[in-house]
Amino acid sequence: MLNKVIDEQLIQQAKKIIDKYDNIVIVSHVSPDGDALGSSLALSHFLNEIGKNVNIIMPDNFPEFLKWLPCSKDIILADRKKELAAELIDNAELIFCLDFNTLSRIEHVAPLVEKAKAKKILIDHHLEPDNFCDISISYPTISSTSELVFRFICRMGMYEYITKKCAECIYTGMMTDTGAFTYNSNQPAIYYIISELLKLGINKDEIYSKVYNDYTETRVRLQGYALYEKMKIYEEYKTSLIFLSLEDRKKFQWKKGDTEGFVNIPLSIENIVFSVFIREEEDYVKVSLRSKGDFPSNKFAAEVFGGGGHLNASGGEYRGSLEDAIKHFEKSLPLFKDLL
Ligand code: 5GP
Ligand code: MN
């Protein structure tokens, strides 16, 4: 039997709201990752099964390697379909906010959700969620929002409405948020849930392959270039940095998601416990941070790059040039030496 995590009262309150309303919108965070997409699609497959009218809205596009996910092509990208997104959010009776803890994570979609009259339910696993929903199903000890969606559906007593497609989406989110079960993945319940998903017919090996073994040639070459030419090691600080400019990205025909996972690679070097990836975007600099063990990458992200996230996986940004972002990073490293 699966251990109980979600508070019974929250389950009952959420179930009552779901029973009452038919017109539902699911929203997830900017630069959607496997868990944002997996949890949103899984929940929408389930809600469709029980007869609801559901639309998924994401602030912007998601990586190529997630495009095989069942029904991902139906997702409405709010940066391309502003009016439709606004209309759907405005007319929704119920809005699910998945895989984010603060409205700023949905960027230009935030004002729409904030002023919507719909009931709002949060399902998320990030620390310290803001209070912007009527019901907050927030459990930071759980490694993915997709796992919470599985738990949520089961606890409502509706396991039978989890289809194979729904199960595939749940598995994808669980897998991608744990680096294919290599971090944040020691809770036995994860493997109980996977066994249930296997019984529902998912092919976990095939899902792994679709996500991690389907890169373009230029993506793999960009990885080689980034590691050979654009990686610095700060031995004294057990830290690594990869930095890429817009020009680098152009040279390798960069497409959304092509640099996903780069930041994890330097952690495979002995003694490196903190890895940072800085990449130039059109109008700002994006920063991804990862750590091994106790080093709080999220504290570094918050204090140095105005961001946040989990202990071992976080992000932030820098307003300025790539060169200045690197200088700012290098200047800040000594301040965290005691924690390394
Ligand atoms: P990634 O490096 O994959 O973009 O992000 C890793 C994690 O860091 C995300 O799951 C999210 O929790 C957090 N994160 C990424 N970017 C930001 C940001 O700009 N602000 C905050 N608060 N969190 C971020
Ligand atoms: Mn997540």
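For the structure given in this document, a descriptive report is provided here. Since this is a predicted model, take the numbers as computed values, not measurements.

Cut-offs used in this document
- Residues numbered from 1 in each chain as written.
- Chains lettered and ligands numbered in written order.
- Predicted model: local features only at pLDDT ≥ 70, side-chain atom pairs only at ≥ 80, totals over all residues.
- Heavy atoms only, no water.
- Helix = DSSP H or I, 4+ residues; strand = E, 2+ residues; numbered from the N terminus.
- Expected span 1.5 Å × (residues − 1).
- Buried < 20%, exposed > 50% of the residue type's maximum accessible area, 1.4 Å probe, protein only.
- Arc of directions from axis to C-beta.
- Contact = heavy atoms within 4.5 Å.
- Core = buried A, V, L, I, M, F, W, Y, C linked by side-chain atoms within 4.5 Å.
- Phe/Tyr/Trp six-rings, centres within 6.5 Å; stacked < 30°, edge-to-face > 60°.
- Pairing = 2+ DSSP bridges.
- Axes fitted to C-alpha atoms, helices over the stretch in contact; angles between N-to-C directions.
- Parallel < 35°, antiparallel > 145°, perpendicular 65-115°, else oblique.
- Left-handed = near helix turned anticlockwise from the far one by under 90°.
- Nonpolar A, V, L, I, M, F, W, Y, C, P; charged D, E, K, R; others polar.
- Donors = N, O, S within 2.8 Å, 3.2 Å for Na, K, Ca; no water.
- Near = heavy atom within 4 Å.
- Polar contact = N/O pair within 3.5 Å; in protein donor to acceptor, adjacent residues only side chain to side chain.

### A word on helix 7 (residues 188-199)
Reasoning step 1: With 12 residues, helix 7 ought to run about 16 Å at 1.5 Å a step, and its terminal C-alpha atoms sit 17 Å apart, in line with that.
Reasoning step 2: For helix 7, the set of buried residues is Ala189, Ile190, Ile193, Ile194, Glu196 and Leu197. Within helix 7, the buried residues cover an arc of 160 degrees as seen down the axis, which keeps them to one side. Of the exposed residues in helix 7, the ones pointing more than 90 degrees away from its buried face are Pro188 and Lys199.
Reasoning step 3: Its buried side turned inward, helix 7 meets helix 5 (145-155), helix 6 (164-176) and helix 8 (204-212).
Reasoning step 4: Looking one or two places after helix 7, you find Gly201, whose phi comes out positive at around 105 degrees.

### Quick word on the nonpolar core
Reasoning step 1: Leu47, Phe96, Ile121, Ile123, Ile137, Phe152 and Leu197 are the most contacted members of the largest nonpolar core, which totals 58 residues.
Reasoning step 2: A per-element tally of this core places helix 6 first, with seven residues.
Reasoning step 3: What Phe96 contacts, discounting residues up to four positions off in sequence, is Ile18, Ile24, Val25, Ile26, Val27, Leu43, Leu47, Ile121, Ile123 and Phe152.

### Remarks on the packing of aromatic side chains
Reasoning step 1: Under the definition given, this model contains 16 aromatic pairs.
Reasoning step 2: Look at Tyr225 and Phe252: their rings are 5.0 Å apart centre to centre, the planes differ by 40 degrees, and that puts the pair in the tilted class. A residue pair is termed long-range when its members are at least 10 positions apart, and Tyr225 in helix 9 (residues 217-229) and Phe252 in the loop between helix 10 (246-251) and strand 9 (274-280) qualify at 27 residues.
Reasoning step 3: With relative accessibility at 16%, the residue Tyr225 sits in the buried group.

### A short note on the sheet that holds strand 3 (residues 76-77)
Reasoning step 1: Ordered in space as 3-2-1-4-5-6, the six strands form an open sheet in which the pairing is parallel. Both edges of this open sheet fall to strand 3 and strand 6 (135-138), since each of them pairs with a single strand only.
Reasoning step 2: In this sheet, strand 3 lies alongside strand 2 (residues 53-58) in parallel orientation, the contact comprising two bridges. Bridging from a neighbouring strand, Met58 pairs with Leu77 of strand 3.
Reasoning step 3: Along the sheet, helix 2 (residues 34-49) contacts strand 1 (23-28), strand 2 and strand 4 (94-98); its crossing angle with strand 2, the most-contacted strand, is approximately 170 degrees.
Reasoning step 4: The strands touched by helix 5 within the sheet are strand 4, strand 5 (119-124) and strand 6, with strand 5 carrying the most contacts at an inclination of about 120 degrees.

### Considerations on the packing of helix 11 (residues 297-305) against helix 12 (residues 322-332)
Each packed pair of helices is defined by two parameters, the angle between the axes and the distance between the axes.
Reasoning step 1: Axis separation between helix 11 and helix 12 bottoms out at 11 Å; the angle between their running directions is 120 degrees. Put simply, helix 11 runs oblique to helix 12. The handedness of the crossing between helix 11 and helix 12 is right-handed. Where helix 11 approaches helix 12, its residues Phe300, Val304 and Phe305 are matched on the opposing element by Ala325, His328, Phe329 and Ser332.
Reasoning step 2: Residue classes in the contact of helix 11 with helix 12 are distributed as five nonpolar, two polar and no charged.

### Some thoughts on the coordination of the manganese ion (ligand 2)
Reasoning step 1: Around the manganese ion (ligand 2), the protein contributes the donor atoms Asp35 (OD), Asp99 (OD), His125 (NE2) and Asp177 (OD), at 2.2 to 2.4 Å from the metal centre.
Reasoning step 2: Coordination of the manganese ion (ligand 2) draws on donor residues from a single chain, spaced D-x63-D-x25-H-x51-D in sequence. Residue Asp35 is found in helix 2, and its partner His125 is found in the loop between strand 5 and strand 6; the two are separated by 90 residues along the sequence. Assigned by exposure class, Asp35 and His125 land together as buried.

### Overview of the site of ligand 1
Reasoning step 1: If you check the shell around ligand 1, you find Arg105, His126, Lys286, Ser288, Arg290, Gly307, Gly308, Gly309, Ala313, Ser314, Gly315 and Gly316 and nothing else.
Reasoning step 2: Measuring from an oxygen atom of ligand 1, one finds a side-chain N or O atom of His126 at 2.9 Å.
Reasoning step 3: Looking at which element gives the most residues to the shell around ligand 1, the answer is strand 12 (residues 313-318), with four residues.
Reasoning step 4: Residue composition of the shell around ligand 1, by class: one nonpolar, eight polar and three charged.

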